[in-house]
Amino acid sequence: LAKTTQPISMDSYEGQEVNITCSHNNIATNDYITWYQQFPSQGPRFIIQGYKTKVTNEVASLFIPADRKSSTLSLPRVSLSDTAVYYCLVDRGTYKYIFGTGTRLKVLA
Amino acid sequence: DAGITQSPRHKVTETGTPVTLRCHQTENHRYMYWYRQDPGHGLRLIHYSYGVKDTDKGEVSDGYSVSRSKTEDFLLTLESATSSQTSVYFCAISAGSSYNSPLHFGNGTRLTVT
């Protein structure tokens, strides 16, 4: 199973751009990278998914370098409501999804 | 939001008693999952199902069993609950075609074993 490593926690201020990097050194050719967001007392929810280069949606951007051994979730102009835990997941297509410990983002006023 | 209902939402039980948690989906998705979440451990996969009557173990399956007799229902059973099984349990579903088929989670069941 592809193991991921993320910073345990990050602090940011409102209005700043936040970048959370995930390391996945043993990613395989067919693996996808998926990010989830979890608010307190709720289940995680899907944010964005990508295979290579850059993916952008209405919530975030995902940057994946050519070697794909890492990925960076970028949240533009965060607000207090972006305070959450963010999980990086490498999807091997085996349907056995193993989560890491995630990154706890705290947005300060 | 994906149609996932977990029941009960909260339960308090005594050590040694059996407990069954239910996950019900209305999406007709093939894959269903049970996770537990504890402080400092993130989400840990207990069991998952890839079809009716087809299940497999996750990372922390000891002390748990599952059953899936219908596409829409995935049951998690603690045969004899222990205090170490006090946790928040999340059910998740996926259509299972990998890309563009992310996991969708329920709102969780908070289980306390006294």
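About the cut-offs
Residues numbered from 1 in each chain as written. Chains lettered and ligands numbered in written order. Predicted model: local features only at pLDDT ≥ 70, side-chain atom pairs only at ≥ 80, totals over all residues. Heavy atoms only, no water. Pairing = 2+ DSSP bridges. Helix = DSSP H or I, 4+ residues; strand = E, 2+ residues; numbered from the N terminus. Axes fitted to C-alpha atoms, helices over the stretch in contact; angles between N-to-C directions.

Asker: So what's going on with the sheet that holds strand β4 (residues 45-50) of chain A? Which residues, and what values?
Answerer: All names here are of chain A. Spatial ordering of the open sheet is given by β1-β9-β8-β3-β4, a layout of five strands whose pairing is mixed. If you trace the sheet from one side to the other, it starts and ends with β1 (9-13) and β4, each paired once. In this sheet, adjacent strand axes meet at a mean angle of 25 degrees when their direction is disregarded. With seven bridges connecting them, strand β3 (residues 32-38) and strand β8 (residues 84-91) associate as antiparallel partners. What sits directly across from Tyr32, in β8, is Asp91.

Asker: Which residues make up the sheet that holds strand β7 (residues 64-70) of chain B, and what are the values?
Answerer: All names here are of chain B. Strand order across the open sheet formed by four strands is β1-β3-β8-β7, with antiparallel pairing between neighbours. Pairing within the sheet leaves two strands with one partner each, and these edge strands are β1 (4-7) and β7. Mean inter-strand twist for the sheet, computed between neighbouring axes without regard to direction, equals 15 degrees. As defined by bridge partners, β1 adjoins strand β3 (residues 19-25) across four bridges and the pair is classed as antiparallel. From the neighbouring strand, Gln6 faces β3, where its bridge partner is Cys23.

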